[in-house]
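Fold and geometry: a report
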Amino acid sequence: MDLCRGRFTEEIDKLVRDFTSSIKLDKKLYKYDIAGSTAHVKMLSKCGIIKEIEAEKVLCALKEIEKDIEKGKLNFNQKEDIHLAIEEEVIKRAGEVGEKLHTARSRNDQIALDERLYLREEIGQIIVLINDFQKTLLGLAEKNLQVIMPGYTHLQYAQPILFSHHLLAYFWMLERDKERFKDSSRRVNVMPLGAGALAGTSLRIDREYVAKLLAFPKVSENSLDTVGDRDYIIEFLSAAAILMMHLSRLSEDFILWSSPAFSFIQVSDAFATGSSIMPQKKNPDVAELIRGKTGKVYGHLVSLLTTMKALPLSYNRDMQEDKLPLFETIEVVKTSLKLYAKMFSHIKIDKDSMRKEAEKGFFAATDLADYLVEKGVPFRKAHQLIGAIIKYCLEEGKGFEGLTLSDYQKFSSSFGKDVFGRIKLDSCVFNKESAGGTGKKSLARQIKEAKKAISLKL
Ligand code: ARG
């Protein structure tokens with residue numbers, strides 16, 4: 001049975017059939033296609049477009065089909081797409097009344113509905129997964145409150161910070177990701193059915209009723225826009241690309257930290273892989289693959305943007321190519337979040353190693369400049385003076401702690417005995433109490449805010 005070839009005399013070429021088919025990918029949408037058809041049939045019957053008894057037969061067939069798909073009893077692989085496959089099956093089971101299912105509907109508005117229903121659910125799950133991972137990071141931050149590590153800019157030692165502060169930097173990136181997904185779901189949550197092929201329909205349908213049945217807060221306003229729109233997927237892919245960028249940066253930090261050169265953390269064996277030739281290797285492949293798959297997600301975003309960029313209104317078959325980018329991105333995002341939530345609750349922290357690294361270099365340089373500022377020296381001057389002290393230390397092979405008070409005073413009479421308190425590692429970290437800084441109280445405030453953020457209604 002071919003539902004769309006009434007006007008043709010010849011059969012479709014096999015290569016064309018395979019080339020145009022999307023069933024291998026879009027069969028994933030069966031649940032949403034059936035939910036959409038169910039609401040559509042109820043609406044047709046409520047509006048008197050089909051009889052109640054007819055609707056019942058179709059609804060019954062839809063229910064059975066769903067069960068059979070779930071049991072793996074139906075194989076649609078030879079069909080063009082999931083919409084035609086299910087419709088054909090309804091006709092097979094319900095008889096002639098099944099032919100009424102596609103009244104006042106097109107596959108163009110149908111696919112938009114399926115995708116929106118699917119994406120709405122997936123976004124909900126992704127938001128929960130982000131929140132779970134935030135909880136893991138926050139838990140780790142709270143467990144290691146006093147751990148000091150070197151903070152970097154340009155991957156050079158810059159200033160010492162709390163390890164928890166570094167972890168929470170990722171927490172806030174994830175918080176923005178969560179907001180982006182939430183916001184994008186407002187535009188996903190618009191009901192497209194009833195746009196028909198492109199122009200709406202002359203039949204007296206009730207779109208608001210379908211929206212109510214499927215829990216959409218509103219219906220789309222313009223039928224051309226409705227079937228020609230894939231913004232909701234592009235926005236999702238863009239939020240996903242940014243999230244993956246964050247996870248990829250975390251991967252990079254993780255890979256560095258677990259390398260022997262840093263030795264800041266150790267991943268548990270269950271999350272590491274070995275080498276086929278070097279028996280001693282313990283590799284952070286999970287982090288590397290998350291970093292690697294980020295490229296693929298960027299590619300999916302650019303791929304769909306490119307597909308859409310020169311399409312005349314309204315629907316064009318090019319748009320069928322949105323499936324792979326969408327499905328693969330969801331898979332990568334969900335798996336990465338699940339893996340990281342698990343992996344980060346199984347890492348060992350080597351605080352001595354972090355501290356030893358943090359003590360290297362002239363970590364207190366900025367603190368000493370600030371010290372002079374407190375004594376009334378203009379900051380630029382203080383910067384120069386500390387630079388000169390560092391030069392002197394390098395020539396003498398000393399650190400700040402190796403200088404005497406009179407050494408300091410040779411550079412500036414503003415130095416007093418209290419300078420020695422300011423070059424201690426702990427004080428350099430704990431005194432950064434400006435809002436959002438790495439100081440103790442400041443971190444406590446941050447943790448309080450973080451707790452609020454993850455307990456909000458998702
Ligand atoms: N399979 C198509 C898609 O995914 C939906 C069908 C629209 N096809 C058509 N010939 N109008 O976009």
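Above this text you will find the structure in question.
Residues numbered from 1 in each chain as written. Predicted model: local features only at pLDDT ≥ 70, side-chain atom pairs only at ≥ 80, totals over all residues. Heavy atoms only, no water.

The next subject is empty space enclosed by the protein. Summed over the entire model, instances satisfying the criterion amount to 1 cavity of 30 Å³ or more. A volume near 30 Å³ is recorded for the largest cavity. Forming the walls of the largest cavity are His40, Met43, Met191, Leu193, Gly194, Ile205, Arg207 and Val210. Elements supplying a minimum of two residues to the lining of the largest cavity: α3 (30-46) and α8 (207-213). Per-class residue counts for the lining of the largest cavity are 5 nonpolar, 2 polar and 1 charged. (1 Å grid on protein atoms, 1.4 Å probe; cavity = no way out; pocket = protein on both sides within 12 Å on 5 of 7 lines; lining within 4 Å. Points joined across faces, edges and corners; volume = space filled by probe spheres on them. Helix = DSSP H or I, 4+ residues; strand = E, 2+ residues; numbered from the N terminus. Nonpolar A, V, L, I, M, F, W, Y, C, P; charged D, E, K, R; others polar.)

With that settled, consider the nonpolar core. With 135 residues, the main nonpolar core has Phe133, Phe181, Tyr340, Phe344, Ile386 and Phe400 as its most contacted residues. Sequence-distant contacts of Phe133, that is, excluding residues within four places in its chain, are made with Leu174, Leu247, Leu250, Leu337, Tyr340, Ala341 and Phe344. (Core = buried A, V, L, I, M, F, W, Y, C linked by side-chain atoms within 4.5 Å. Buried < 20%, exposed > 50% of the residue type's maximum accessible area, 1.4 Å probe, protein only. Contact = heavy atoms within 4.5 Å.)

Right, let's talk about the pairing of strand β1 (residues 148-153) for a bit. In this sheet, strand β2 (residues 156-162) lies alongside β1 in antiparallel orientation, the contact comprising 6 bridges. Paired with Pro150 across the strands is Pro160, a residue of β2. Hairpin connection, β1 to β2: the antiparallel pair is bridged by 2 residues, and His154 has positive phi, about 55 degrees. (Pairing = 2+ DSSP bridges.)

What follows deals with the site of the ligand. Around the ligand, the neighbouring residues are Ser22, Asp81, Arg107, Asn108, Ile111, Tyr315, Arg317, Gln320 and Lys323. Here Tyr315 contributes a side-chain N or O atom positioned 2.5 Å from an oxygen atom of the ligand. Here Gln320 contributes a side-chain N or O atom positioned 2.8 Å from a nitrogen atom of the ligand. The fraction of the free accessible surface of the ligand (340 Å²) that becomes covered by protein chains is 87%. Tallied by class, residues from the shell around the ligand come to 2 nonpolar, 3 polar and 4 charged. (Near = heavy atom within 4 Å. Polar contact = N/O pair within 3.5 Å; in protein donor to acceptor, adjacent residues only side chain to side chain. Areas by Shrake-Rupley, 256 points an atom, 1.4 Å probe, with all protein chains shown as cover.)

Once that is clear, we can look at helix α5 (residues 82-94). The end-to-end C-alpha distance of α5, which contains 13 residues, comes to 18 Å, matching closely the 18 Å that a straight helix rising 1.5 Å per residue would cover. Among the 13 residues that make up α5, 11 are buried, leaving the element largely enclosed by the rest of the structure. For α5, every residue scored as buried is listed here: Ile82, His83, Leu84, Ala85, Ile86, Glu87, Glu88, Glu89, Val90, Ile91 and Ala94. Buried residues along α5 sit in contact with α2 (23-26), α3, α4 (52-70) and α6 (107-143). Where α5 begins, the side chain of Asp81 points an oxygen toward the backbone nitrogen of His83, at a separation of 3.2 Å. Backbone geometry just after α5 places Gly95 at a positive phi near 75 degrees. (Expected span 1.5 Å × (residues − 1).)

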